[in-house]
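Understanding the architecture of this molecule
Chain residues, written in single-letter form:
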Amino acid sequence: MDIKELQHIYAAHPNTRALAAKLADDSVKTLYMAGLHASSAPLFFSACLEGAGHTTVFILNDMEEAGYFYHDLVQINGEQNVLFFPSSYRRAIKYGQKDAGNEILRTEVLSRVQKGDHVCIVTCPEAVAEKVVSSRELSSRTLKLAVGEHTEVDTIMDILADFGFERVDYVYVPGQYALRGSIVDVFSYASEYPYRIDFFGDEIDSIRTFEVDTQLSKERKQSVSIVPELSVSGSGEFVSFFEFVPKDTVLAMKDFFWVREHIDKIHEDAISPLALAADEEHKNELMRIAKNLIDGTDFMMQSLNFRRIEFGNKPTGTPQVTLTFDTQAQPIFHKNFELVSSCFCDFMERGYTLYICTDSEKQAKRLKDIFEERKDNITFTYVNKTLHEGFTDHPLK
């Protein structure tokens, strides 16, 4: 069974239609999804937000939780319109250690939002605490190219140099470009793969992405946007992430107050006298980092301008709309097949349908063989993708 079929089952949930209707009503600003546990939350949201005419930002409690939530959404909806927005730092922000891979992911998100794409963004407090380059700055630092466009190779080379790209023989990492005859290779900070731009005279004949290791082409593109490393280029005009995203964006989080307090702590840690004294040598850098952070009050005031969904244990204040679910997290089995068998048999006796999510058909077959060897009369439906944490939906059974 394809996981999309499981999503379609959840799409028939009455709350799916109810949420879509409430989001279409501009007068509804706050909603609470009660009773969503384990991976029922991403499965539900994947069903009701696919094809939504707005951007949705999921702010999970920390990076690990955000990673699992992102994994589930990608497993169900694919990665085309599900984006991960991490902190640009490898460790806590106060240590000031940038992560190049995270910078690429952040730039890709900003570039997609700038283009007006309606996407699902999964993030965490550490990430949204950092300010981002302004929309105006991003626009001025973006080189847009399209197949059939007439432009001189030298002009593109000059722009890339002005953007801070490094000219090399072969591109390996973002921020590099190379020229070989009529072909320009360039690795944008807003793309997972570098671009190969082939000219015929002064006309762009083709644009393709390619693998760095093999140099083999991956995908043809009709147009691309090339973005430099935004944290070190341009005029340094930065704004809050919530000032960058469109005003019709929907914010979804487990606990509004917890996110606010965590952002406040990140800001306080960065400017604390202890942090500054511990690293006197890099004091100016720490002050620069602190300047590009928002605090809890900034987050609270700016997020109030958006429609908000909470799906944690309790809502913040009194939401205008509450939609109630009856789900339960899967028990922890620890490979105890006696416990697995007892639990599954109990569900089957009560008329529940069992779905086993795994990327491996062999694993599903092995599980079926184990049940048969044990003489357990257990039947289940194999689903071809994994979800992070199993759950039971009692109304849907």
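See the structure shown above.
Conventions adopted
- Residues numbered from 1 in each chain as written.
- Predicted model: local features only at pLDDT ≥ 70, side-chain atom pairs only at ≥ 80, totals over all residues.
- Heavy atoms only, no water.
- Helix = DSSP H or I, 4+ residues; strand = E, 2+ residues; numbered from the N terminus.
- Buried < 20%, exposed > 50% of the residue type's maximum accessible area, 1.4 Å probe, protein only.
- Contact = heavy atoms within 4.5 Å.
- Pairing = 2+ DSSP bridges.
- Phe/Tyr/Trp six-rings, centres within 6.5 Å; stacked < 30°, edge-to-face > 60°.
- Lys NZ or Arg CZ within 6 Å of the ring centre and 35° of its normal.
- Axes fitted to C-alpha atoms, helices over the stretch in contact; angles between N-to-C directions.
- Salt bridge = Lys/Arg side-chain N within 4 Å of Asp/Glu carboxyl O.
- Patch = residues over 30% accessible without salt bridge, like charges linked within 9 Å, V, L, I, M, F, W, Y side chains within 5 Å.
- Areas by Shrake-Rupley, 256 points an atom, 1.4 Å probe, with all protein chains shown as cover.
- Lys, Arg positive; Asp, Glu negative; His and termini not counted.
- Charge placed at Lys NZ, Arg CZ, Asp CG, Glu CD.
- Parallel < 35°, antiparallel > 145°, perpendicular 65-115°, else oblique.
- Left-handed = near helix turned anticlockwise from the far one by under 90°.
- Nonpolar A, V, L, I, M, F, W, Y, C, P; charged D, E, K, R; others polar.
- 1 Å grid on protein atoms, 1.4 Å probe; cavity = no way out; pocket = protein on both sides within 12 Å on 5 of 7 lines; lining within 4 Å.
- Points joined across faces, edges and corners; volume = space filled by probe spheres on them.
- Disulfide = S-S within 2.5 Å.

Digging into the overall build of the chain
Within the chain one finds 15 helices and 21 strands. For the chain, the spread of C-alpha atoms along the principal axes amounts to about 70 × 50 × 45 Å. Evaluated residue by residue, the chain yields a buried proportion of 48% over its 397 residues. Within the chain, contacts between residues separated by at least 24 positions form 71% of all contacts whose residues are at least 6 apart in sequence.

As for unusual backbone geometry
Here Gln215, not a glycine, exhibits a phi torsion of approximately 65 degrees, which is positive. Relative to the helices and strands, Gln215 resides in the loop between strand S11 (203-210) and strand S12 (217-221). The class for Gln215 is partly exposed, based on a relative accessible area of 27%. If you check the backbone angles, Lys397 has positive phi at about 55 degrees while not being a glycine. Looking at the element boundaries, Lys397 is found in the segment after strand S21 (391-393).

What to know about the pairing of strand S6 (residues 143-146)
Every second residue of S6 is oriented toward a common face, the buried set being Leu143 and Leu145 and the non-buried set Lys144 and Ala146. Of the pairings in the sheet, the one linking S6 to strand S13 (residues 223-226) comprises four bridges and is antiparallel in character. Bridged to Ala146 within S13 is Ser223.

A closer look at the sheet that holds strand S7 (residues 166-167)
Spatially, S7-S8-S9-S10-S11-S12 is the arrangement adopted by the six strands of the open sheet, whose pairing is mixed. The open sheet terminates on both sides in strands that have one partner only, identified here as S7 and S12. As defined by bridge partners, strand S10 (residues 195-200) adjoins S11 across six bridges and the pair is classed as antiparallel. Its bridge partner being in S11, Phe200 is matched across the sheet by Glu203.

Considerations on the packing of aromatic side chains
Applying the stated criterion across every chain, the model contains 19 aromatic pairs. Centroid distance Phe241 to Phe242: 5.7 Å. Interplanar angle 80 degrees. Geometry classified as edge-to-face. It is Lys218 that lies over the ring of Tyr193; its NZ or CZ is 4.7 Å from the centre. The positively charged end of Arg308 is found above the aromatic ring belonging to Phe256, 5.5 Å away from the centroid.

Focus on the sheet that holds strand S3 (residues 82-85)
An order of S3-S4-S2-S15-S16-S1-S17 is seen for the seven strands of this open sheet, with the pairing classed as parallel. Every interior strand has two partners, whereas the edge strands, S3 and strand S17 (321-324), have only one. Shown here is a sheet whose adjacent strand axes are inclined to one another by a mean of 20 degrees, direction ignored. Relative to strand S15 (residues 250-253), strand S2 (residues 56-59) is paired through four bridges, and the arrangement is parallel. By the bridge assignment, Thr56 is partnered in S15 with Val250. The strands touched by helix H2 (residues 14-23) are strand S1 (30-34), S15, strand S16 (307-310) and S17; relative to S17, the strand with the most contacts, the crossing angle is about 165 degrees. Running over the sheet, helix H4 (residues 63-77) touches S2, S3 and strand S4 (120-123) and is turned about 165 degrees from S3.

Here we look at the pattern of salt bridges
Taken as a whole and assessed by the stated rule, the structure comprises 13 salt bridges. Between Glu237 and Arg136 there is a salt bridge; the shortest N-O distance is 2.9 Å. In this pair, Glu237 sits in the loop between S13 and strand S14 (238-239) while Arg136 sits in helix H7 (residues 135-140), placing the two residues 101 residues apart along the sequence. The structure contains a network of salt bridges with shared partners spanning Arg180, Asp185 and Arg196.

What about a negative patch on the surface?
A contiguous patch of negative charge, built from Glu152, Asp154, Asp158, Asp162 and Asp202, is present on the exposed surface. As for its position among the elements, Asp158 is in helix H8 (residues 153-162).

Observations concerning the packing of H2 against helix H3 (residues 40-49)
H3 packs onto H2 with a crossing angle of 55 degrees between their chain directions and a minimal axis gap of 9 Å. Classed by the angle they form, the pair H2 and H3 counts as oblique. For H2 against H3, the interelement crossing comes out right-handed. On H3, the residues touching Asn15, Thr16, Leu19 and Leu23 of H2 are Phe44, Phe45, Ala47, Cys48 and Leu49. Of the residues in the contact of H2 with H3, the class split is seven nonpolar, two polar and no charged.

Describing the layout of surface pockets
If a probe the size of a water molecule is rolled over the atoms, the empty space left behind becomes visible. What the largest pocket holds in volume is close to 1300 Å³. Forming the boundary of the largest pocket are 37 residues, of which Gln330, Phe344, Tyr355, Ile356 and Cys357 lie nearest the centre. Classifying every residue of the lining of the largest pocket by side-chain character gives 23 nonpolar, nine polar and five charged. Approximately 930 Å³ is the volume attributed to the second largest pocket. Lining the second largest pocket we find 28 residues, and of these Glu108, Arg112, Ala190, Ser191 and Lys221 sit closest to its centre.

Looking at the state of the cysteines
Taken as a whole and judged by the stated rule, the model has zero disulfides. Here Cys345 stays unpaired: no disulfide links it, and the sulfur of Cys343, its closest cysteine neighbor, is 9.4 Å away. In this structure Cys357 is a free cysteine whose sulfur lies 15 Å from that of Cys343, the closest cysteine sulfur available. Judged by its relative accessible area of 27%, Cys357 is partly exposed.

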